[in-house]
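Structural description and commentary
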Amino acid sequence: MIELIATAESIVQAEDLFAAGVDTLYIGEEAFGLRLSHSFSRDEQKTLIETAHAQGKKINIAVNGIMHPDKMKQIPEYLTFLAEVKPDHVVVGDTGVIYLLQEYDLPYIYDAETLVTNARQINFWQKKGAVGAVLAREVPFEEMLSLKQHVDVPVEVLVYGATCIHQSKRPLLDNYFNYTKQMEKTSKERGLFLSEPKKADTHYSIYEDQHGTHIFADNDLNLMKELSELTQAGYQTWKLDGLFTPGADFVAIAKIFANAKAAIEKDSWDEAAIVNAYQEIQKYHPVGRGMDTGFYHLDPTAIK
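Let us look at the structure shown here.

About the thresholds
- Residues numbered from 1 in each chain as written.
- Predicted model: local features only at pLDDT ≥ 70, side-chain atom pairs only at ≥ 80, totals over all residues.
- Heavy atoms only, no water.
- Buried < 20%, exposed > 50% of the residue type's maximum accessible area, 1.4 Å probe, protein only.
- Helix = DSSP H or I, 4+ residues; strand = E, 2+ residues; numbered from the N terminus.
- Pairing = 2+ DSSP bridges.
- Right-handed = clockwise from strand over helix to strand, strands pointing away.
- Contact = heavy atoms within 4.5 Å.
- Polar contact = N/O pair within 3.5 Å; in protein donor to acceptor, adjacent residues only side chain to side chain.
- Expected span 1.5 Å × (residues − 1).
- Arc of directions from axis to C-beta.
- Axes fitted to C-alpha atoms, helices over the stretch in contact; angles between N-to-C directions.
- Parallel < 35°, antiparallel > 145°, perpendicular 65-115°, else oblique.
- Left-handed = near helix turned anticlockwise from the far one by under 90°.
- Nonpolar A, V, L, I, M, F, W, Y, C, P; charged D, E, K, R; others polar.
- Salt bridge = Lys/Arg side-chain N within 4 Å of Asp/Glu carboxyl O.

Side chains Thr24 and Tyr26 project from strand S2 (residues 24-27) onto one buried face, and the interleaved Leu25 and Ile27 project onto a second face that is buried too. Judged from the three bridges that link them, strand S1 (residues 3-7) and S2 form a sheet pairing that is parallel. In the sheet register, Ala6 faces S2, and the bridge partner there is Leu25. The β-α-β motif built from S1, the intervening helix H1 (residues 11-20) and the parallel element S2 has right-handed crossover chirality. The pairing of S2 with strand S3 (residues 58-63) spans four bridges and is classified as parallel. Across the sheet, the residue bridging to Leu25 is Ile59, located in S3.

Rendered as structure tokens:
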């Protein structure tokens, strides 16, 4: 069965996403999770877990930040809380957090961003208790085919949303604005982006939070046309990221993917349905943000 995972920006949107056909919500709080659509309070996390389980749905909690000593001191208290409210999985990338997880009854999915590029990496962490892994966005489909033949746990693939291409713990935007003596906000809501000097239409979104500076690919990912191929290859854990697609528009896009999932499972997914779904997504995708297939169709030998 295909699992459709989506980020959520509020309790209301979370309920709407479940109603739209999403199976699992990916949430957390900013102190421990990277690039979340919203930082949920402990009470909100508890409420969403209870709501999800009452509907036969799931909640994954992001604990995938880069944990320096100050954050590591806070981790045991948060893991204790999570063990009490019982999310379905925690999503973890830091080895120190994985070490601490030995003391808690919390199944975890391994997510080390760009490091998860081969089967041995995934199999190593499976032996350390991981029940799944999040594949790096930079892996082309040709390599994905080979990888899937050698792993036994579900491997999550981003099928819609923004792709982070760089994170630095340094406050690069604050440093720049301080140097140029400008008073500018650096949060996601400010809507800052970088452009290449000779390509004014490029749009590398950039913002700062307590984890540092985050820069995103020029175009967002949309693998609607590749869903059938992914399914046939054994990739049936699909992630939708609404970081830059807010509100009802993201819910509408999630519903389109949920309908595609249902059609694929019923073997009624054809070229006309694919074209229609792709056109529908374009109606709700943010104006000014492009879409492409990222690394998916690239020849692995051509990547340098």
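Looking now at the environment of Asp218. Inspection of the secondary structure puts Asp218 in the loop between strand S11 (212-216) and strand S12 (219-222). Using a relative accessible area of 24% as the deciding quantity, one classes Asp218 as partly exposed. Along the backbone, Asp218 and Phe177 are 41 residues apart, and their C-alpha atoms lie at a distance of 22 Å. Leave out the neighbours within four places in its chain, and Asp218 touches Asp201, Thr202, His203 and Tyr204. Looking at Asp218, its side chain comes within polar contact range of the main-chain nitrogen of His203, at 2.5 Å.

Right, let's get into helix H2 (residues 42-54). With 13 residues, H2 extends 18 Å between its outermost C-alpha atoms, agreeing within 8% with the 18 Å of an ideal straight helix rising 1.5 Å per residue. Of the residues making up H2, those classed as buried are Gln45, Leu48, Ile49 and Ala52. Here the buried residues of H2 occupy an arc of 100° about the axis, which is enough to place them on one side. Turned more than 90 degrees away from the buried face of H2, the exposed residues are Asp43 and Ala54.

Bridge count between strand S9 (residues 193-196) and strand S10 (residues 199-209): three bridges; the pairing is antiparallel. By the bridge assignment for S10, Leu194 is matched with Tyr204. Connecting the antiparallel pair S9 and S10 is a turn made up of two residues.

Quick look at the packing of H2 against helix H3 (residues 69-85) now. Running from N to C, H2 and H3 point in directions that differ by 30°, and their axes come no closer than 10 Å. Comparing their axes, H3 and H2 come out roughly parallel. The two elements H2 and H3 cross, and the hand of that crossing is right-handed. Contact residues: Arg42, Gln45, Lys46 and Ile49 in H2; Glu77, Tyr78, Phe81, Leu82 and Val85 in H3. Here the residues of the contact of H2 with H3 are counted per class, giving five nonpolar, one polar and three charged.

Moving on: the pattern of salt bridges. In total, this model carries 10 salt bridges according to the counting rule given. The closest approach of N and O atoms between Asp23 and Lys261, which form a salt bridge, is 2.7 Å. Linking Asp23 in the loop between H1 and S2 with Lys261 in helix H9 (residues 247-265), this pair joins segments that are 238 residues apart in sequence. In this structure, Glu184 engages Arg190 in a salt bridge whose closest nitrogen and oxygen atoms are separated by 2.9 Å. Given the relative accessible area of 31%, Glu184 is considered partly exposed. Since its relative accessible area comes to 36%, Arg190 is described here as partly exposed.

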